[in-house]
Number of protein chains: 2
Amino acid sequence: MLVNYKNIIDRELDKFCDELPPMSIYEPIKYIVELGGKRFRSSLTLLAADLFCGNPELALKESIAVELFHNFTLIHDDIMDGAPLRRSQPSVHQKWNVNQAILSGDLLYALVNKLLANSKSQSTEIHQLFQQTSVEVCEGQSLDMEFESKENISLDEYINMIQLKTSVLVACGLKIGALVGEAGPKDANLLYDFGLNLGTAFQIHDDILDVYPLKEEFGKQVGGDILEKKKTILLIELLKKSSKEDKVSIIQVLEDDEIDKNLKVKKIKNFYNKYGVLELAEHTKNQYFEKAIYCVNNINISEDKKQQIKAFAVALMSREI
Amino acid sequence: MLVNYKNIIDRELDKFCDELPPMSIYEPIKYIVELGGKRFRSSLTLLAADLFCGNPELALKESIAVELFHNFTLIHDDIMDGAPLRRSQPSVHQKWNVNQAILSGDLLYALVNKLLANSKSQSTEIHQLFQQTSVEVCEGQSLDMEFESKENISLDEYINMIQLKTSVLVACGLKIGALVGEAGPKDANLLYDFGLNLGTAFQIHDDILDVYPLKEEFGKQVGGDILEKKKTILLIELLKKSSKEDKVSIIQVLEDDEIDKNLKVKKIKNFYNKYGVLELAEHTKNQYFEKAIYCVNNINISEDKKQQIKAFAVALMSREI
């Protein structure tokens, strides 16, 4: 459904890259943009504009701003996470170096702001929403890094972190599209909440898929998050529910660097099964998904359009897009 | 002359820091802002507004945005330059770590954009100018890093680099102040050009002072730029003017890591004297300073106000402020 929007966005991103000056600091920017991606954040911005004014291209600058901002965060997050790969290719700091990655990231964020400042569709409300979201995304990344060394994380803290780190940008892109399309404030906010809740459900689902994949993919490690001791919703729920004795064993297994990878995953998975952690996570995910659908149902658009958005939400969750 | 403005800015920066949320990622931001500084960029923004509307505080948000943007660049530049100190205190990445420095810098830039998006004085023209300037500052830092490993740099390339890295932000702050004060486009542009040329003269003077200080300061290494092999205007002019034989000797001295520091500085200084490089640099500096004064003379304000700005420019160049 979003494929037409993706084509529009890819074309605009190509144009954006073609028009960059021939200075070396722009190379990492072209590189990361050309690594591709589903462009689903920016597609949603176009969709939202389309819903209300029938002309998605009115939000074209805003949509690629959302996509490019996401790419800026990827460049810097990859440095902070020490990630050698991005979309199966060397990450920017790996292909160039940390300095080039810091600076090209900064430059990309500046280019995003320049795009927004030069858009015909700009408004104070859009600027405020976008920059509030930028602040929140940084806060989310900060909490994510803090959680690595924090022992007790509550479900609320976890949800807050993933919403800041991931969902608010999806929500912001949708609301900006709606505002460009001249939606009323109620509908624009409902689309924001749809994005926030859908993004949250998506991220929880991502945690689940790491351990319980829909189908095993060649070369993909099942339980990668377990091996990285990542504080996923599964681990958070497990540490909350488990008995004192089991908790000691769980931490021992997680900290054991000698044990075989697959055995480590299997052992933790056994604990997940013992405490019904998958069901708990699925339940939370479904709650957010249902909230997202509730928001769509309340938007003042035709039933047809509502069905389209819901179909997209279902496809996204089942990773069909 | 700018002391009243500085007081206003320091008060507003205190307020800004006080209102930051109690999350750890905001600590490096408070830290760098509280390290202080002359605040001369932001003072100029207030001055410019004052000149045209008599109410500097109309540009208060914009002025601290300029100051905070400068602080954001300091955090990231210090990482890239591997600088352990900032204003005689540990730099952010030294006191925390590189990840915290990257992220708090990103967050600070986002906060700057949020400030601008929430200002009552905002306009499309201000947003465009500010973000174009942000792009240019990143380009300037990129050229500065490139020059480290580049052999032949022309004077034009050098001037372009320092203007992007330093002068455009001074110029931008002045023009934004003028726009907030409702100056006409001609006057606003003259103030921009005043800032661009003054900033350039200032930076050239900085290169000169490193080797020819007005007075020797305790604990300050004369010729620090020579020891760092920095491509200053002096070195660029020297490499351009020197004979083939001398050029070989100069490069030998610069690359010699065994030689005594003071002897190295003395030897390069002898070459500077032999080729009259100080005079060449002074000449270029004076050209930019005169251009700056020419701009002031053409602004449509009272003679009194022109004298004030010129007195400020003279004081800045002689490092009295």
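Residues numbered from 1 in each chain as written. Chains lettered and ligands numbered in written order. Predicted model: local features only at pLDDT ≥ 70, side-chain atom pairs only at ≥ 80, totals over all residues.

Caption draft 1: Molecular detail of the overall build of chain A. Helices and strands together make up the secondary structure of chain A, namely 15 helices and two strands. Relative to the globule expectation of 20 Å for 321 residues, the C-alpha radius of gyration of chain A, 20 Å, shows essentially globular dimensions. Based on the C-alpha atoms only, the size of chain A along its principal axes is roughly 60 × 50 × 35 Å. Split into buried and exposed, the 321 residues of chain A put 49% on the buried side. Residue pairs at least 24 apart in sequence account for 74% of intrachain contacts in chain A once pairs closer than 6 positions are excluded. (Helix = DSSP H or I, 4+ residues; strand = E, 2+ residues; numbered from the N terminus. Rg over C-alpha atoms; globule rule 2.2 N^0.38 Å. Buried ≥ 20, exposed ≤ 12 C-beta atoms within 10 Å, placed from the backbone. Contact = placed C-beta atoms within 7 Å.)

Caption draft 2: Examining the relation of the copies chain A and chain B more closely. For the pair chain A and chain B, the best superposition has an RMSD of 0.0 Å and corresponds to a rotation of 180 degrees with a translation of 0.0 Å parallel to the axis. Viewed as a symmetry operation, the transformation between the two copies matches a two-fold axis. (Least-squares fit on C-alpha atoms with pLDDT ≥ 70 in both.)

Caption draft 3: Seen up close, the interface of chain A and chain B. Taken together, the contacts link 32 residues of chain A with 32 residues of chain B. Elements supplying a minimum of two residues to the side of chain A that touches chain B: α4 (60-81), α6 (98-118) and α7 (124-148) of chain A. The greatest single-element share of the side of chain A that touches chain B, amounting to 13 residues, is contributed by α7 of chain A. Along the lines of polarity and charge, the residues of the side of chain A that touches chain B split into 14 nonpolar, 14 polar and four charged. (Nonpolar A, V, L, I, M, F, W, Y, C, P; charged D, E, K, R; others polar.)

Caption draft 4: Representation of the environment of Tyr 26 of chain B in the model. Residue and element names in this part refer to chain B. Note on placement: Tyr 26 falls in the loop between α1 (3-18) and α2 (27-34). Along the sequence, Tyr 26 and Leu 107 sit 81 residues apart, while their C-alpha atoms lie 8.2 Å from each other. If sequence neighbours within four positions are ignored, Tyr 26 has contacts with Leu 20 and Pro 21.

Caption draft 5: Quick look at the confidence of the model for chain A. Considering every residue of chain A, the mean pLDDT works out to 95; 99% of them sit at 70 or more. Reported confidence for the predicted complex is 0.96 by ipTM and 0.96 by pTM. (pLDDT = per-residue confidence, 0-100.)

Caption draft 6: Main features of the packing of helix α14 (residues 277-298) of chain B against helix α15 (residues 303-317) of chain B. Residues and elements named next belong to chain B. With their axes 9 Å apart at the nearest point, α14 and α15 run at an angle of 165 degrees to one another. One finds that α14 runs roughly antiparallel with respect to α15. Viewed along their axes, α14 and α15 form a crossing whose handedness is right-handed. Contact with α14, carried on its side by Phe 289, Ala 292, Ile 293, Val 296 and Asn 297, involves Lys 306, Ile 309, Lys 310, Ala 313 and Met 317 of α15 and no other residues of that element. Looking at the contact of α14 with α15 residue by residue, the classes come out as seven nonpolar, one polar and two charged. (Axes fitted to C-alpha atoms, helices over the stretch in contact; angles between N-to-C directions. Parallel < 35°, antiparallel > 145°, perpendicular 65-115°, else oblique. Left-handed = near helix turned anticlockwise from the far one by under 90°.)

Caption draft 7: Main features of helix α3 (residues 40-53) of chain A. Residues and elements named next belong to chain A. With 14 residues, α3 should cover 20 Å at 1.5 Å per step; its first-to-last C-alpha distance of 20 Å lies within 8% of that length. α3 sits mainly inside the fold: 13 of its 14 residues count as buried. Of the residues trailing α3, Gly 54 is marked for its positive phi of about 70 degrees. (Expected span 1.5 Å × (residues − 1).)

Caption draft 8: Up close: helix α2 (residues 27-34) of chain A. Residues and elements named next belong to chain A. Residues of α2 that are buried include every one of Pro 28, Ile 29, Tyr 31, Ile 32 and Val 33, and no others. The inward-facing, buried residues of α2 abut α1 (3-18), α4, α5 (92-95) and α6. With its phi angle positive at about 85 degrees, Gly 36 sits one or two positions after the end of α2.

Caption draft 9: Spotlight on unusual backbone geometry. Residues and elements named next belong to chain A. With a phi close to 55 degrees, Arg 39 is a non-glycine residue in the positive phi region. Here Arg 39 lies in the loop between α2 and α3. For Ser 88, which is not glycine, the phi torsion reads 65 degrees and is therefore positive. Looking at where Ser 88 falls in the secondary structure, it is placed in the loop between β1 (85-86) and β2 (89-90). Taking the number of C-beta atoms within 10 Å as the measure of exposure, Ser 88 has 7 and is therefore exposed.

Caption draft 10: View of the environment of Leu 60 of chain B. All names here are of chain B. Within the element layout of this structure, Leu 60 appears in helix α4 (residues 60-81). For the pair Leu 60 and Val 180, spaced 120 residues apart in the sequence, the C-alpha separation amounts to 9.8 Å. Sequence-distant contacts of Leu 60, defined by excluding residues within four places in its chain, comprise Ile 8 and Glu 12.

Caption draft 11: Geometry of the environment of Ala 171 of chain B. All names here are of chain B. Looking at the secondary structure, you find Ala 171 in helix α8 (residues 155-180). In sequence terms Ala 171 and Gly 199 are 28 residues apart; their C-alpha atoms lie 7.8 Å from each other. Once you skip the residues sitting within four places of it in the chain, Ala 171 turns out to touch Tyr 192, Gly 195, Leu 196 and Gly 199.

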